[in-house]
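Chain residues, written in single-letter form:
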Amino acid sequence: MEKVKTLIIGSGPAGYTAAIYAARADLKPLLYTGMEPGGQLTTTTEVDNFPGYPDGVDGPTMMVELQKQAERFGTEVRIGHVKRVEFSEEVGEVHKAFVDDGTEIHAQSIIISTGATAKYLGLPSEQKLRGGGVSACAVCDGFFYKGQEVAIVGGGDTAAEEATYLANICSKVTMLVRKDKMRASKAMQHRVTNMPNIDLRYNQEIDEVLGSHVVEGLRIFNNQTGDKEEINITGLFIAIGHKPNTEIFNDQLEMDDDGYLITKGKSTKTNIPGVFASGDVQDKEYRQAVTAAGTGCMAALDAERYLNTL
Ligand code: NDP
């Protein structure tokens, strides 16, 4: 068993930014990386929209640099997965975290930055071409398809927003919706239908993503008629939702209907004193590296203020 002032769970931009601030505030943070050290950005190629990198940076490099910056101020970074937690509802009581290697951590404060995972269709051809033209983030990767023809799958607000974003960059966007209607809000649907270069197709699903190393096209089918056709595209964007990584907090922290942690007002406070949440695990709307980093900073400041009251 080890005692720490601040335990940070997760190693994306939120976790590392929380670590930088917590370490500089002398909270001597211990950070567990989770199963995917570096988080979602390690599956991205070029990151061009994080301020301070005028020439862009590739996702894995950026995460290594964030880790180094957190370690420079004394963060202890460990590879490991927190598999269970026991939170105390009493102010000042320790919270317990159990790591997969058997370590038990007793922390005065905990910052949760476990992120969210993009959902994919699960087709073998889609998985093979992830990073070769298949992406789950239009804002991250859309720019690489400037002037080209792309497709997007999904009918929710994210798909509608990303289709509109892509339509401003790409020559044509084929939007594939599996039902005969969209789930997106009416306002978002209007934005889609107002873009002349979005070809909105209902009742369409993907049979196969075509291409051996990079995306060259799609074979799609109409799930009402069974009719198949092939379309030529160079980029495929999957926008069918995200799943927040919150299973281990079930029954202990307040979550919304989709499993995202609920934070109070403008803070990162959860319903448990001394437990804070930052990054995509509590944000289904913005989901950007820079917004995650911002809330990581907030969580460290909230933790510091909390510890000062004990
Ligand atoms: P949603 O769960 O709302 O929508 C997912 C969409 O993907 C649905 O159209 C669904 O189809 C489709 N889908 C799911 N699985 C598959 C599959 N295997 N094959 C094909 N299509 C599939 O997720 P979003 O990410 O769009 O939104 C999440 C939340 O965030 C929502 O509450 C949304 O309102 C909110 N949001 C708000 C924004 C804003 O206000 N600006 C921007 C972005 C998100 P079906 O309908 O058939 O189930």
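Residues numbered from 1 in each chain as written. Predicted model: local features only at pLDDT ≥ 70, side-chain atom pairs only at ≥ 80, totals over all residues. Heavy atoms only, no water.

Participant: For the pairing of strand S1 (residues 2–9), give the residues involved together with the corresponding values.
Facilitator: Two elements, S1 and strand S8 (residues 104–112), share seven bridges in a ladder whose sense is parallel. Its bridge partner lying in S8, Ile8 is registered against Ile111. With three bridges connecting them, S1 and strand S2 (residues 30–32) associate as parallel partners. Bridge pairing links Leu7 to Leu30 in S2. Read from S1 through helix H1 (residues 13–24) to S2, the crossover connection turns out right-handed. (Pairing = 2+ DSSP bridges. Helix = DSSP H or I, 4+ residues; strand = E, 2+ residues; numbered from the N terminus. Right-handed = clockwise from strand over helix to strand, strands pointing away.)

Participant: Could you give an account of the pattern of salt bridges, with specific residues and numbers?
Facilitator: Under the defined criterion, the tally for this structure stands at 13 salt bridges. Here Arg78 makes a salt bridge to Glu76, at a shortest N to O gap of 2.7 Å. Three or more residues joined by partner-sharing salt bridges are found here, namely Asp207, Glu208, Arg219, Lys228 and Glu230. (Salt bridge = Lys/Arg side-chain N within 4 Å of Asp/Glu carboxyl O.)

Participant: Lay out the sheet that holds strand S16 (residues 228–232) in plain terms, naming residues and giving numbers.
Facilitator: The strands making up a sheet associate through backbone hydrogen bonding, with each pair oriented either parallel or antiparallel. The three strands lie next to each other as S14-S15-S16, forming an open sheet whose pairing is antiparallel. Sheet topology places strand S14 (204–210) and S16 at the edges, where each strand pairs with a single neighbour. Strand after strand, the sheet turns through a mean of 30° between neighbouring axes, direction not considered. Of the pairings in the sheet, the one linking strand S15 (residues 217–222) to S16 comprises five bridges and is antiparallel in character. For Phe221, the partnering residue across the bridge sits in S16 and is Lys228. (Axes fitted to C-alpha atoms, helices over the stretch in contact; angles between N-to-C directions.)

Participant: Provide a residue-level description of the side chain of Thr33, including the pertinent values.
Facilitator: Among the structural elements, Thr33 can be located in the loop between S2 and strand S3 (46–47). With a relative accessible area of 5%, Thr33 lands in the buried category. If sequence neighbours within four positions are ignored, Thr33 has contacts with Gly10, Ser11, Tyr16, Val77, Arg78, Ile79 and Gly80. (Buried < 20%, exposed > 50% of the residue type's maximum accessible area, 1.4 Å probe, protein only. Contact = heavy atoms within 4.5 Å.)

Participant: Tell me about the domain arrangement of the protein, residues and numbers included.
Facilitator: Domain boundaries in the protein define domain 1 (2–117 + 242–308) and domain 2 (120–238). In this structure, domain 1 and domain 2 have C-alpha centres spaced 32 Å apart. (Domains from an automatic or database assignment.)

Participant: Kindly report on the packing of aromatic side chains, identifying the contributing residues and their values.
Facilitator: Taken as a whole and judged by the stated rule, the model has four aromatic pairs. Relative to Phe249, the ring of Phe87 lies with its centre 6.1 Å away and its plane at 10°, an arrangement referred to as stacked. Taken together, the residues span a long stretch of sequence, with Phe87 in the loop between strand S6 (82–86) and strand S7 (95–99) and Phe249 in the loop between strand S18 (242–244) and strand S19 (275–277) at a distance of 162 residues. Judged by centre distance (6.1 Å) and plane angle (70°), the rings of Phe276 and Tyr306 are edge-to-face. Residue Phe276 is located in strand S19, and its partner Tyr306 is located in helix H7 (residues 289–308); the two are separated by 30 residues in the primary sequence. Judged on exposure class, the residue Phe276 and its partner Tyr306 are both buried. The positively charged end of Arg84 is found above the aromatic ring belonging to Phe98, 4.0 Å away from the centroid. Directly above the ring of Tyr120 sits Arg130, whose terminal nitrogen or CZ lies 4.0 Å from the centroid. (Phe/Tyr/Trp six-rings, centres within 6.5 Å; stacked < 30°, edge-to-face > 60°. Lys NZ or Arg CZ within 6 Å of the ring centre and 35° of its normal.)

Participant: Summarise helix H6 (residues 186–193); cite the residues concerned and give the values.
Facilitator: Those residues of H6 lying buried are Met188, Gln189 and Val192. The buried residues of H6 occupy one face: seen down the axis, they fall within an arc of 100°. Lining the buried residues of H6 we find helix H5 (157–167), strand S12 (172–176) and strand S13 (198–201). (Arc of directions from axis to C-beta.)

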